[in-house]
Structures are given as structure tokens and as C-alpha cells.
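These are the residues of each chain, in order.
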Amino acid sequence: MSSWLRSCSDDNKDNDDYRCSNIRTGRLISASLSLVGCLLALLVIVVYKKFRFFTQRLVMYLLCSCMFIAIFSLHNIAGDSPGCAAKGFFRNVAGLSQNLWIICIDVHLLIVMMKHGMNHYHLEKIYHGVVWGLTIVLSIIPLIGNHYGHAGIWCWIKGDSHYENVLRVICYYLWLMLLVFGGAVIYVYIVYKVMKRINSYDGPYNPETERSKQQYKKSIKPLLLYPIVDLILASVSTANRIQNWVNPGEPVYELALAHSIVSPLWGFVNALLFLLNKETLKQLHPVSFWQELKHWSKTTFTFTKSVDTRSKNMEYTVKDEKPPEEPSAYQDQSFGDMD
């Protein structure tokens, strides 16, 4: 790896190379946007109790992974220090779990489409087992042999040898490509099934049927954004890593800059797609959101105080509540329409 990229760390105050300065600035702005976006989206999910629904919890898990990527992207440690290796490990955990949660959401949409009316709550434990099982195992592999360290733009798998480049593919980019191409296939299939259902009715004109058709068409429009956005974001980082593999001694400044901006941006984009939903936008009206936030904080504080008082008196009252019903299949087809 060339000296100019290896010296691009936030701890190297003496480096006045404009390329490093631009990469640091772009990474910082992108990570900050993602952090703010994820926090706002998570606040909406918590305040409006959207987490009661299984599909919204999947989005919540995705946003948490995106948020941690943004946090780990805010500062780049210099050299192959233990701190940089630890940061590289946790960055891979966050990045890989982000990819796997998107794959789980894609698969869940497909299951809901094919098994409409089925109780899906038991799948949540399976998703967690797959995501965190694969994430931990694949992130531990580079620890064997000390392959985490300074990777130019940030701390990650170093990429100084052919083996480390193979590790990058196995431990991250393989799943990124599965996310992009597998997700695209799933979304195309869902759109096809919805359009087929729309065109299947050939009876006499019925206002209710026409209204349902229009509702179905609206339900697939948000779907078209996700594979396009995933493809754009994944292509930039993949192109830069392929160039690093082919010619490790001469990284391309433009690709490195684009990678440093796009990689932490997943959180911002996912949060934006979630928040731009019509119903969520209504909930984000300043007056409405402020009232709901005050109500949420009041009820949360009251509940905490009540629990504390009861624990002191050793008196507990437990009330069983039935979980809310899962929304319909077409409500499950976009992040914003899953409540």
C-alpha cells in the first residue's frame, strides 16, 4: 500500500496531504449524517412503539448495525496498533451484521409474500442466530494471525497480502454481493407477484377492486428503491477493493475518496428511506412528534419510578399483554409500511 494512503489517519497531525484531508472530511461528514439519521429513525421507532411489530424490529436491528458502522468511521487510528486491530474487528462485526440484516429483511419479505397469514414470530430467533453466528465466526477468522490493522481509509483487514485480500472477500464482500444480487432477485419476484395479482382480475368494473389495484401499485413503488440503492452503495466500495487487490501499491485517490464517503453512508440512506414514508412523515410533524415525545418520556419515567417503588416494597404486579397482530403482506413490503 502506498505511503500516502497508509499515512491517512486522524492521529497523524503532521500529514498535510490534501488527499488525506479530503478523505477524512468526507468520511466524517458521511458518518455524522448516518449517526444522526439512525438515531432519529430509532427514536421514531421507540417513541411510536413501532418495535411492537416484528418487521419493524428487523429494521431496528439493521439501523443499530448501521449506527455502529458510523461510530467506528468517525475516527481512524494510526498504525497497526492493538487499538486499531480491535476497532477493525468491531467494524467488521457491524458491517457484516448490517449486510446480513438486509438479507434477512429481503428473505422475510419473500416469506411473507409466499406464506401470507402465517405466524412469523418464531423466525426472529432464527434470524438472530444466523446473523450473529455468521458475524462472530467470520469476524474471528482474521484475528488468527493478526490480520486486523490499518487498512488505509480506516482500521479493518489489512490487505497487505493475497491471503488478507481473500479474507476480505470471505468475511465481508461475498455477503455484500449476496445482498445486492439476491435482494434484487427477491424484489423482482415480489414486484412480479404483485403485478400478476393486479392483472389477474378480469371481471366487471368494481370501484373497490380498482382501489385495491392502486393500493398494490403504491406498495411496490418503494421496493424499487432498495435494490437500486444497494447496488450503487455496494459498487463503489467493491470497485475500490478490487483496485486495491489488483494494484495494492497504487490506490486510486478518486476511488478511495468515494469509498470513504459511501461506506458509512448506509445508515443515512436506510434511515432516509424509512423516514420518508408517508405515514412516518406525518408522525415527524414538529407539533405531533413533540407531543408524542413528551407522552413517551412521561410514561417511561412514571413506569420506571413505579417499578423502583415496587421493588423497594417487594411488591410486583405483572400484567400479560398479547402481542399486536402482524400487519398484512403488503404492509410488510417497505420499511415504512410495516406498522
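Further up the page is the structure itself.
As the structure is a prediction and not an experimental result, all values here were calculated from the model.

About the thresholds
Residues numbered from 1 in each chain as written. Predicted model: local features only at pLDDT ≥ 70, side-chain atom pairs only at ≥ 80, totals over all residues. Heavy atoms only, no water. Disulfide = S-S within 2.5 Å. Helix = DSSP H or I, 4+ residues; strand = E, 2+ residues; numbered from the N terminus. Buried < 20%, exposed > 50% of the residue type's maximum accessible area, 1.4 Å probe, protein only. Core = buried A, V, L, I, M, F, W, Y, C linked by side-chain atoms within 4.5 Å. Contact = heavy atoms within 4.5 Å. Phe/Tyr/Trp six-rings, centres within 6.5 Å; stacked < 30°, edge-to-face > 60°.

Taken as a whole, this structure holds one disulfide when the rule is applied. Linked covalently through their sulfurs, Cys84 and Cys155 form a disulfide whose S-S length is 2.1 Å. Across the disulfide from Cys84 to Cys155, rotation about the S-S bond amounts to roughly -115°, and the bridge is consequently left-handed. One end of the pair, Cys84, is in helix 4 (residues 82-114); the other, Cys155, is in strand 2 (residues 155-157), with 71 residues separating them in the sequence. Neither residue differs from the other here; Cys84 and Cys155 are each classed as buried. Summary of cysteine pairing: Cys66 is not part of a disulfide, and the nearest cysteine sulfur, belonging to Cys38, is at 5.2 Å.

The next point concerns helix 9 (residues 266-275). Summarising burial for helix 9: eight of the ten residues are buried, a large majority. Every buried residue of helix 9 is listed here: Trp266, Gly267, Val269, Asn270, Ala271, Leu273, Phe274 and Leu275.

On to the nonpolar core, then. Counting 69 residues, the largest nonpolar core has Leu58, Leu63, Trp101, Tyr127, Trp156, Trp266 and Phe274 as the members making the most contacts within it. Those residues within four positions of Trp101 in sequence are excluded, and the remaining contacts are Leu58, Tyr61, Leu62, Ser65, Tyr127, His128, Val131 and Trp132.

What follows covers the packing of aromatic side chains. Counting across every chain of the model gives nine aromatic pairs. A centroid spacing of 5.0 Å and a plane angle of 40° characterise the contact between Tyr61 and Trp101, whose relative ring orientation is tilted. Taken together, the residues Tyr61 in helix 3 (residues 54-73) and Trp101 in helix 4 connect sequence positions 40 residues apart. For Tyr61, a relative accessible area of 17% corresponds to the buried category. Ring geometry for Phe89 against Tyr148: centres 6.1 Å apart, planes inclined by 85°, an arrangement best described as edge-to-face. Taken as a pair, Phe89 in helix 4 and Tyr148 in strand 1 (residues 148-150) lie far apart in primary sequence, 59 residues in all. Of the residues examined, Phe89 reaches a relative accessible area of 14% and is grouped as buried. Look at Tyr148 and you get buried, because its relative accessible area is 2%.

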